[in-house]
Amino acid sequence: MPIGAMVDDPAKPALPEFTLARDSDSSIRCERATPDGITIRKKFSLLQSSQKKDNFLLELNLDVQNTGAQPHTNADYFVALGSAAPMHRNDYPYYTRLVWCINGKARDRNVSAFQGSGGFLGIGAHSAQPVFQENFAGAEWTAVTDQFFATIIAPLNAKATGIWGRSFDVSTEQNTVGIEGAMRMPGFQVQPGQTYTARFQIWTGPKIYHRLAQLEHNEAEIMNFGVFKIVSQFLLNFLNTIHGFVKDYGVAILVLTVVVRLVLWPLQSKANQTMRKTALLGPKMQELREKYKDDPTRMNQEVMKLYKQYGINPVGGCLPMAIQIPIFFGLYQMLAQAVELRNAKFLWMHDLSQPDTVAHLPVLGFPINVIPLLMAATQVWLMAMTPKTGDPTQRRIMMFTPLIFLFFCYNFAAALALYYTAQNLFSILQFWQNKRQPMPTLEKVAPAGKRKR
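In this report, the structure presented in the accompanying data block is examined. (Residues numbered from 1 in each chain as written. Predicted model: local features only at pLDDT ≥ 70, side-chain atom pairs only at ≥ 80, totals over all residues. Heavy atoms only, no water.)

1. Remarks on the overall build of the protein chain
- Broken down by element type, the protein chain carries 11 helices and 18 strands.
- Taking the contacts inside the protein chain whose residues are at least 6 apart along the sequence as the reference set, 68% of them involve residues at least 24 apart.
- Entry remark: accessible area of the protein chain is about 24,500 Å², with carbon and sulfur atoms responsible for 58%. (Helix = DSSP H or I, 4+ residues; strand = E, 2+ residues; numbered from the N terminus. Contact = heavy atoms within 4.5 Å. Areas by Shrake-Rupley, 256 points an atom, 1.4 Å probe, with all protein chains shown as cover.)

2. Digging into the side chain of S353
- Along the chain, the position of S353 falls in the loop between α6 (319-337) and β17 (357-360).
- A polar side-chain atom of S353 sits 2.6 Å from a polar atom in the side chain of D351.
- When residues no more than four places from it in sequence are discounted, the contact partners of S353 are Q147, F148, L341, R342 and A413. (Polar contact = N/O pair within 3.5 Å; in protein donor to acceptor, adjacent residues only side chain to side chain.)

3. What about helix α10 (residues 414-435)?
- The end-to-end C-alpha distance of α10 is 31 Å, a good match for the 32 Å that 22 residues give at a rise of 1.5 Å each.
- Taken across its 22 residues, α10 has 17 buried, putting it largely inside the fold. (Expected span 1.5 Å × (residues − 1). Buried < 20%, exposed > 50% of the residue type's maximum accessible area, 1.4 Å probe, protein only.)

4. Considerations on the nonpolar core
- Within the largest apolar cluster, 53 residues are counted, with the highest numbers of intra-cluster contacts made by L239, L331, M334 and L352.
- In this structure, L62, L81, A84 and F132 belong to the second largest nonpolar core, which totals 30 residues. (Core = buried A, V, L, I, M, F, W, Y, C linked by side-chain atoms within 4.5 Å.)

5. Points about the sheet that holds strand β4 (residues 38-46)
- Read from one edge to the other, the open sheet built from nine strands follows the order β2-β3-β4-β5-β16-β12-β11-β8-β9, with strand pairing classed as antiparallel. On the outer flanks of this sheet lie β2 (19-24) and β9 (105-110), each paired with one strand and no other. For this sheet, the mean angle separating the axes of adjacent strands, direction not counted, is 20°.
- The pairing of strand β8 (residues 97-102) with β9 spans six bridges and is classified as antiparallel. Opposite R97, over in β9, you have N110 as the bridge partner. (Pairing = 2+ DSSP bridges. Axes fitted to C-alpha atoms, helices over the stretch in contact; angles between N-to-C directions.)

6. A look at the packing of helix α7 (residues 370-385) against α10
- Closest axis-to-axis distance for the α7/α10 pair is 9 Å, and the angle between their directions is 20°. In terms of axis orientation, α7 runs roughly parallel to α10. Of the two elements, α7 crosses α10, and the hand of that crossing is left-handed. Along the contact surface, α7 presents I371, P372, L374, M375, T378, Q379, W381, L382 and M385, while α10 presents A414, A417, L418, Y420, T421, N424, L425, S427, I428, F431, W432 and K435.
- Here the residues of the contact of α7 with α10 sort into 15 nonpolar, five polar and one charged. (Parallel < 35°, antiparallel > 145°, perpendicular 65-115°, else oblique. Left-handed = near helix turned anticlockwise from the far one by under 90°. Nonpolar A, V, L, I, M, F, W, Y, C, P; charged D, E, K, R; others polar.)

7. With respect to the sheet that holds strand β13 (residues 160-171)
- Read from one edge of the open sheet, five strands run β1-β7-β14-β13-β10, paired in antiparallel fashion. Strands with a single pairing partner mark the edges of an open sheet, and in this sheet they are β1 (6-7) and β10 (131-139).
- Bridging between β10 and β13 involves six bridges; their strand directions are antiparallel. From the neighbouring strand, N135 faces β13, where its bridge partner is G162.

8. A look at the environment of Q337
- Its place among the elements puts Q337 in helix α6.
- With 129 residues separating them in the primary sequence, Q337 and I208 have C-alpha atoms 9.3 Å apart.
- Q337 has contacts with R97, Q147, F148, K207, I222, M223, N224 and F225, leaving out every residue within four places of it along the chain.
- Separated by 3.4 Å, the side chain of Q337 and the backbone oxygen of N224 make a polar contact.

9. Considerations on the packing of aromatic side chains
- Applying the stated criterion across every chain, the model contains 11 aromatic pairs.
- Consider the rings of F56 and W203, whose centres lie 5.6 Å apart with planes at 55°: the pair is tilted. With F56 in the loop between β4 and β5 (57-66) and W203 in strand β16 (residues 195-206), this pair connects stretches of sequence that are 147 residues apart.
- W203 gets classed as buried once you look at its relative accessible area, which sits at 3%.
- Both rings, one in Y209 and one in F225, keep their centres 5.9 Å apart while their planes meet at 55°; by these two values the pair is tilted. Taken as a pair, Y209 in helix α1 (residues 209-212) and F225 in the loop between α1 and α2 (229-246) lie far apart in primary sequence, 16 residues in all. One exposure class covers both Y209 and F225, and it is buried.
- Clustering of aromatic rings is evident, with ring pairs tying together Y77, F188 and Y196. (Phe/Tyr/Trp six-rings, centres within 6.5 Å; stacked < 30°, edge-to-face > 60°.)

10. A word on a nonpolar patch on the surface
- Judged by side-chain polarity, F245, V246, V251 and V255 come together as a nonpolar surface patch covering roughly 330 Å² of accessible area.
- Those elements giving two or more residues to the nonpolar patch turn out to be α2 and α3 (249-280).
- Summarising the element assignment, F245 is placed in helix α2. (Patch = residues over 30% accessible without salt bridge, like charges linked within 9 Å, V, L, I, M, F, W, Y side chains within 5 Å. Salt bridge = Lys/Arg side-chain N within 4 Å of Asp/Glu carboxyl O.)

11. A closer look at the pattern of salt bridges
- Overall, the coordinates contain 10 salt bridges when judged by the stated rule.
- A salt bridge links R199 to E59; the shortest N-O distance between them is 3.0 Å. Residue R199 is found in strand β16, and its partner E59 is found in strand β5; the two are separated by 140 residues along the sequence.
- With relative accessibility at 16%, the residue E59 sits in the buried group.
- Several salt bridges share partner residues, and in doing so they unite D23, R29, E31, R41 and K43 into one network.

12. Observations regarding the packing of α7 against helix α9 (residues 401-409)
- Running from N to C, α7 and α9 point in directions that differ by 160°, and their axes come no closer than 9 Å. For the element pair α7 / α9, the angle class is roughly antiparallel. Along this stretch, α7 crosses α9, giving a crossing that reads as right-handed. The segment α7 lies against α9, with P372, L373, M375, A376, Q379, V380 and M383 engaging T401, P402, F405, L406 and C409.
- Taken together, the residues of the contact of α7 with α9 break down into 10 nonpolar, two polar and no charged.

13. A closer look at unusual backbone geometry
- Positive phi, normally seen in glycine, also occurs at N103, with a value near 55°.
- Here N103 falls in the exposed class, since its relative accessible area comes to 68%.
- For N224, which is not glycine, the phi torsion reads 55° and is therefore positive.
- Inspection of the secondary structure assignment puts N224 in the loop between α1 and α2.
- Taking the relative accessible area as the measure of exposure, N224 reaches 30% and is therefore partly exposed.

Structure below.
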């Protein structure tokens, strides 16, 4: 269905033709008259914008004029949202979504919900759902969206009372599925000689966050930044600010990495010293493990007592990593949808929003992505520099961390892998700098009661 189509049943839409006329350089009028004296007019107008180029904001004015002798009653009707489809063959299903916003909070249904799934070992299994429909008290806007683009329709003199959507096959060969939708609007009655008017604001274009955030109906919620929304918003705004100076998004990501690491430098240096000091406790901790190997509870108690005796905080080395968790996931959500990175080039990377595939293995067709491999290599290097703490089993488990990250991040956007690789190199530099400092010494601290005297 075309964007803005007015239909009674979106599953079986009747789409009569309208006559089109140009009202001005920025508006088009569509008109249709029915045999019973009803004239329907739609006027699509480009809204005035402060942007020098790329104006994606429209206004749709719908007029239903009754020129007949009898009142005209129109039941609840639907306004079509158009459709959205995956940008690339391997796009994640949750990029292609039907979205609606109630009280400033976006809700969605992604295209995978329409497809049947056996789940993982039966967990999350669900049958196919050809059509989705939900009624609600009122929504500020509804939309269809893919990874980078969206059509968002906000009714201006009423609220939407329901949402409808269904999936459709884009390409059976590539097994890609798109989504189309429509929002339900309350019905109306028009007396003879009267006109019913409804107004809608339409954003149809790329999901440029700072532009969407300027709109009045919480349209920026379509970004789906998730739990770390504040972090994602800050990082995206900061990244665009840096880009305003360096004019290259690859360089901007590297600068962003440097800034983040400089902010965390004092905390990381303290954590590195803690790890070096903890490593000196290795022989004493091994003695405790051997002494209490049959009593794990007692062994843990003695280990904690040992930490306390030497004034070491066992979680001190993990604090910088814990702080970076929201940064990492905030960056992941941001970089996954930042349309600014689409087709942005850097070195051999043709598109920072996609994996940096340089070739495929001849027989298997497996992609060779360079940046994730460099990321794993720098992580192995970093682990080799990290002071050895914990028991041997924990250290063996930690050895697999680079492989786990490589597995999960291999097909991520090159921008995310670039950030993490640069961060690893910065951490290596900091470890090297910290190792040049004198080795800390183990000294027992006085008990709290004695220190007060």
